[in-house]
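Below are the chains, spelled out letter by letter.
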Amino acid sequence: MNNFIYGNTTKVYFGKGGVKEYLCCLLKNVGDTVMLAYGGGSIKKNGIYDEVTAILQKAGKTVVDFPGIMPNPTYAKVQEGAKRVHENHVDFILAVGGGSVIDCCKIVSAQAKSAEDIWEMETVKRDFPTDFIPMGAIVTAAGTGSEMNNGAVITNEAQKIKCGLMGAQAQFVFLDPSYTMSVPFKQVISGAFDTLSHGMETYFGKPYDNNLSDDINEAVMRSVIRNIRILLRDHENYDARSELMWASSMAENGILKIGKITDFQCHQIEHQLGAYTDCNHGQGLAVIHPVLYRHIYKNGVERFVRFAENVWGIKEKKTAEKTALAGVEALATFIEEIGLPTSFMQMGIPTDTNFRAVADSTNITAGCCKKLTHDEIYEILQECI
Ligand code: NZQ
Ligand code: ZN
């Protein structure tokens, strides 16, 4: 196994009622002014906003609202948040929402402590922030796993780039599966598929040696598949939602990446598609994954065979290549089974989108088994239409 250093500084409070029981206590020493950051208003409809503000008031905090963080958060929104932190002398940021709210807050937290433009600093100078306004998170929609790492995906609308930045890591996170009951079901499935994608993008990253990370990853992927199927039959199944919520954190808390290089080529393509179309992350991944894997499986037959057998339970076919392809087709069939889109048209992405520009602006990763060219990415995008 490759050398590694592992640590995770986020303390997790998992389960029903955690916010009520522990949040007040956790806020004791964070300062007087707390910025409550959230999205487009779902937390006002489902009662989470009232629950959290009551606790903040009981804890004697001055509450500064930061609403309106959109899905696929923008760099302009980050700047708005940093300004609000300064104007109100915010001591602590509490992010309440899905991946978009948490991601935006991670970068607000860094920008508020830096005199430099954080986008320029990270993407041009390749310098990374070390000073942050401390933050905590309450997850209301699972999938991205953003709550247990310091990565954030931000869209720079002016530059048409959606990419990962490094920001703050939440000191604590509440994962209460009952908070996800009000998430539109399509988004629940799209989030769960995002988790499966994180598993796959890590699994197909090198090296392919015998390692514990891949063994755990297979269990996580099988669990996601099993629990999505349970939810399809029984939308409100608390146990299945719990498993999916924890799988989401497990896929992105670094455990599965130990000793691995990881790939994330599908994410890089989807992020640029998002920069051009503002599409839903999980849906974009669902369309691109099978097409991408059909392009590359012949370059990594052994790994794709293991994926087919250990994740999808496929029995050996006549040739290894056939077994490998059967795994990719099982993934494609699963995507249809769970009602995710299988083409950009089904996602409502206009056919006159500048796919050439999407392809050319996509980061090429080390590659799981084949390093793609921009022309190949363009071909893949064309096949997704
Ligand atoms: O904005 P509100 O009104 O809250 O509505 C949201 C939003 O419309 C809604 N929602 C969330 N919790 C809800 C709820 N609706 C009803 N009841 C609730 N309890 O769900 C919609 C989607 O929310 P969003 O946060 O955008 O979804 P998700 O968690 O999938 O996050 C997507 C973003 O995360 C990035 C994606 O690229 C995308 O920008 N990612 C972040 C990663 C990371 N930091 O590690 C990794 C991922 O690969 C991903 O790229
Ligand atoms: Zn993702």
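Residues numbered from 1 in each chain as written. Chains lettered and ligands numbered in written order. Predicted model: local features only at pLDDT ≥ 70, side-chain atom pairs only at ≥ 80, totals over all residues.

1. Some details on the site of ligand 1
Just so we agree on the cut-off: Nearness here is judged by the C-beta atom: place it from the backbone, and if it falls within 6 Å of a molecule or strand, the residue counts as near that partner. Numbering of helices and strands runs from the N terminus; a helix is a DSSP stretch of H or I covering at least four residues, while a strand is a stretch of E covering at least two. Those domain boundaries reflect an automatic or database domain assignment.
For ligand 1, the set of nearby residues contains 34 residues, the closest of which are Gly39, Gly40, Pro71, Gly98 and Gly99. Sorting the residues of the shell around ligand 1 by element identifies helix 2 (42-45), helix 5 (99-111), strand 6 (151-156) and helix 7 (185-203) as the ones contributing at least two each. Here the element with the most residues in the shell around ligand 1 is helix 5; it accounts for four residues. The two domains that each donate at least three residues to the shell around ligand 1 are domain 1 (11-180) and domain 2 (185-384).

2. Some points on the nonpolar core
Keep this limit in mind: For this analysis, nonpolar core means a set of buried Ala, Val, Leu, Ile, Met, Phe, Trp, Tyr and Cys residues linked through C-beta atoms within 7 Å. Put plainly, a residue is buried at 20 or more neighbouring C-beta atoms within 10 Å of its own, exposed at 12 or fewer, and partly exposed in between, counting only other residues' C-beta atoms, which are placed from the backbone. By definition, residues are in contact whenever their C-beta atoms, placed on the basis of the backbone, come within 7 Å of each other.
Ala37, Ile93, Ala95 and Val96 are the most contacted members of the largest nonpolar core, which has 110 residues in total. Counting residues per element, this core draws most heavily on helix 11 (residues 281-296), which supplies eight residues. The two domains that each donate at least three residues to this core are domain 1 (11-180) and domain 2 (185-384). In this structure Ala37 touches Phe66, Ile69, Gly81, Ile93, Leu94, Ala95, Val96, Val101, Cys104 and Cys105, once residues within four positions along its chain are discounted.

3. Here's the deal with the packing of helix 4 (residues 75-88) against helix 5
This is how the line gets drawn: Each axis is a line fitted through C-alpha atoms, and for a helix only the stretch in contact is used; angles between axes span 0 to 180 degrees, taken between their N-to-C directions. For classification, angles of less than 35 degrees are called roughly parallel, those exceeding 145 degrees roughly antiparallel, those between 65 and 115 degrees roughly perpendicular, and all remaining angles oblique. Handedness of a helix crossing follows the sense of rotation of the near helix relative to the far helix, less than a right angle counterclockwise being left-handed and clockwise being right-handed.
The interhelical angle for the contact between helix 4 and helix 5, taken along N-to-C directions, is 55 degrees, at an axis separation of 8 Å. Relative to helix 5, the element helix 4 lies oblique. Of the two possible hands of crossing, helix 4 and helix 5 adopt the one that is right-handed. Of the residues in helix 5, those in contact with Lys77, Val78, Gln79, Gly81, Ala82 and Val85 of helix 4 are Cys104, Ile107, Val108 and Gln111.

4. Section: helix 11
It helps to recall that an α-helix has 3.6 residues per turn; residues three or four apart then point in one direction. Note the cut-off: Here the expected length of a helix is defined as 1.5 Å per residue gap, with one fewer gap than residues. The angle separating two fitted axes, one through the seven residues that finish at a residue and one through the seven that start at it, defines the bend at that residue.
Compared with an ideal rise of 1.5 Å per residue, which puts 16 residues at 22 Å, helix 11 spans 22 Å between its outermost C-alpha atoms and is within 8% of the ideal. Of all bends in helix 11, the biggest is about 30 degrees, found at Ile288, and the proline Pro290 comes one to four residues later. With respect to burial, helix 11 is a largely interior element, 14 of its 16 residues being buried.

5. Regarding helix 12 (residues 301-312)
The terminal C-alpha atoms of helix 12, which comprises twelve residues, lie 15 Å apart, in line with the 16 Å expected from a rise of 1.5 Å per residue. Among all positions in helix 12, only Arg303, Phe304, Val305, Phe307, Ala308 and Val311 are buried. Those residues of helix 12 hidden inside the fold are in contact with helix 7, helix 8 (212-233) and helix 13 (320-337). The positive-phi residue at the C-terminal boundary of helix 12 is Gly313, with phi of around 65 degrees.

6. With respect to the domain arrangement of the protein
Splitting the protein by domain gives domain 1 (11-180) and domain 2 (185-384). The distance between the C-alpha centroids of domain 1 and domain 2 comes to 27 Å. Contacts between domain 1 and domain 2 engage 21 residues on the former and 27 residues on the latter. No other element matches the three residues that strand 7 (residues 161-166) contributes to the side of domain 1 that touches domain 2.

7. What about unusual backbone geometry?
In this structure, the amide linkage connecting Lys206 to the following residue, Pro207, adopts the cis form with an omega of 0 degrees. With respect to the secondary-structure elements, Pro207 resides in the loop between helix 7 and helix 8. Despite not being glycine, Lys160 has its phi angle at roughly 55 degrees, a positive value. Checked against the element boundaries, Lys160 lands in the loop between strand 6 and strand 7. For Thr262, which is not a glycine, the phi torsion comes out positive at approximately 65 degrees. Mapped onto the secondary structure, Thr262 falls in the loop between helix 9 (238-252) and helix 10 (265-277).

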